[in-house]
Amino acid sequence: MALSIRLSRGGSKKRPYYRIVVADARSPRDGKFIEKIGNYNPLLAKDDEKRIVLDAERAKHWLGVGAQPTDRVARFLDAAGVKERAARSNPKKAEPGEKAKERAEERAEKLKAQQEAEAEAANAPAATEEPAADTAEATAE
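Worth saying up front: this structure is predicted, and the values here are computed from it rather than measured. (Residues numbered from 1 in each chain as written. Predicted model: local features only at pLDDT ≥ 70, side-chain atom pairs only at ≥ 80, totals over all residues. Heavy atoms only, no water.)

Account for the environment of Asp 48, with residues named and values stated.
With respect to the helices and strands, Asp 48 occurs in the loop between strand 3 (35-40) and strand 4 (52-54). In terms of polar contacts, Asp 48 uses its side chain to reach the backbone amide nitrogen of Lys 50, at 3.0 Å. (Helix = DSSP H or I, 4+ residues; strand = E, 2+ residues; numbered from the N terminus. Polar contact = N/O pair within 3.5 Å; in protein donor to acceptor, adjacent residues only side chain to side chain.)

So what's going on with a negative patch on the surface? Residues and values would help.
A cluster of acidic side chains, namely Glu 98, Glu 102, Glu 105, Glu 106 and Glu 109, defines a negative patch on the protein surface. One can find Glu 109 in helix 3 (residues 98-140). In this structure Glu 109 comes out as exposed when scored by relative accessible area, which is 56%. (Patch = residues over 30% accessible without salt bridge, like charges linked within 9 Å, V, L, I, M, F, W, Y side chains within 5 Å. Areas by Shrake-Rupley, 256 points an atom, 1.4 Å probe, with all protein chains shown as cover. Salt bridge = Lys/Arg side-chain N within 4 Å of Asp/Glu carboxyl O. Lys, Arg positive; Asp, Glu negative; His and termini not counted. Charge placed at Lys NZ, Arg CZ, Asp CG, Glu CD. Buried < 20%, exposed > 50% of the residue type's maximum accessible area, 1.4 Å probe, protein only.)

Before we move on, can you summarise the sheet that holds strand 5 (residues 68-69) with the specific residues and values?
Strand order in the open sheet formed by five strands is 4-3-2-1-5, and the pairing between neighbours is mixed. Edge positions in the sheet fall to strand 4 and strand 5, since each has one partner strand and no second. Bridge analysis of strand 1 (residues 3-12) against strand 5 gives two bridges, and the strand direction is parallel. Considered in strand 5, the bridge of Ser 4 is made with Gln 68. Sitting on the sheet, helix 2 (residues 71-80) is in contact with strand 1, strand 2 (15-24), strand 3, strand 4 and strand 5, with an inclination near 100° to strand 1. (Pairing = 2+ DSSP bridges. Contact = heavy atoms within 4.5 Å. Axes fitted to C-alpha atoms, helices over the stretch in contact; angles between N-to-C directions.)

Please provide a residue-by-residue account of the nonpolar core, values included.
Ile 5, Leu 7, Ile 20, Ile 37, Trp 62 and Val 73 are the most contacted members of the largest nonpolar core, which totals 15 residues. When contributions to this core are tallied by element, the ones reaching two or more residues are strand 1, strand 2, strand 3, helix 1 (56-65) and helix 2. Setting aside residues up to four positions removed in sequence, Ile 37 forms contacts with Ile 5, Ile 20, Val 21, Val 22, Val 53, Leu 54, Asp 55, Arg 58, Ala 59 and Trp 62. (Core = buried A, V, L, I, M, F, W, Y, C linked by side-chain atoms within 4.5 Å.)

Pulling in residues and values, what's your account of helix 2?
Those residues of helix 2 that sit buried are Val 73, Ala 74, Phe 76 and Leu 77. Down the axis of helix 2, the buried set is contained in an arc of 160°. They therefore lie on one face. Pointing more than 90 degrees away from the buried face of helix 2 are the exposed residues Asp 71 and Ala 79. Residues of helix 2 that are buried sit in contact with strand 1, strand 2, strand 3, strand 4, helix 1 and strand 5. Once helix 2 finishes, Gly 81 follows within two positions and takes phi at roughly 80°, a positive value. (Arc of directions from axis to C-beta.)

Describe a positive patch on the surface, with residues and values.
Among the surface-exposed residues, Lys 46, Arg 72, Arg 75, Arg 85 and Lys 93 lie close enough to one another that they form a single positively charged patch. Structurally, the position occupied by Lys 93 is in the loop between helix 2 and helix 3.

Just give me the short version of the side chain of Arg 51, but keep the residues and values in it.
In this structure, Arg 51 sits in the loop between strand 3 and strand 4. Although Arg 51 is buried, it makes no salt bridge; Asp 47 carries the closest opposite charge, 8.0 Å away. Of note is the side chain of Arg 51, whose polar atom sits 3.4 Å from the side chain of Tyr 40. In contact with Arg 51, not counting residues within four places along its chain, are Asn 39, Tyr 40, Asn 41, Pro 42, Leu 44, Ala 45 and Lys 46.

Let's hear about the pattern of salt bridges: which residues, and what values?
With the rule as written, the count across this model stands at four salt bridges. Across the pair Arg 26 and Asp 24 runs a salt bridge, and its minimum N-O distance is 3.0 Å. Note that Arg 58 is salt-bridged to Glu 35, the shortest N-O span being 2.9 Å. Separated by 23 residues along the polypeptide, Arg 58 in helix 1 and Glu 35 in strand 3 bring together distant segments of the chain.

These results come straight from atomic positions and should not be treated as a statement about function.
Structure follows, in structure tokens:
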């Protein structure tokens, strides 16, 4: 029998409360379980000691028997010092998609063209005003 240590949801709508249970991997999420080894209340503050209550001794026992924790429960077990969790790395996660990259390139091109146009506009009137200033000085002399 494949065992898993996972969360079983309780609580009402929009007010979740989870039991940390050892269950057969084939049983439904909120269905039959073998043993409750803790609970998790995500509504409490992150530094609250009652947010995660876990029986570490029973968790070690079930891990020794071969139960596989889910990702979230593995985080809890790592925080409790029961089982070390390997750090996961996904460097492409924060990378934008193809269309977003295309839009960013278009925006950059438009901005560059606009800045070049402004620079040319700033240089052109200055060039026409300079000779006028020279003629005004020549008439003054």
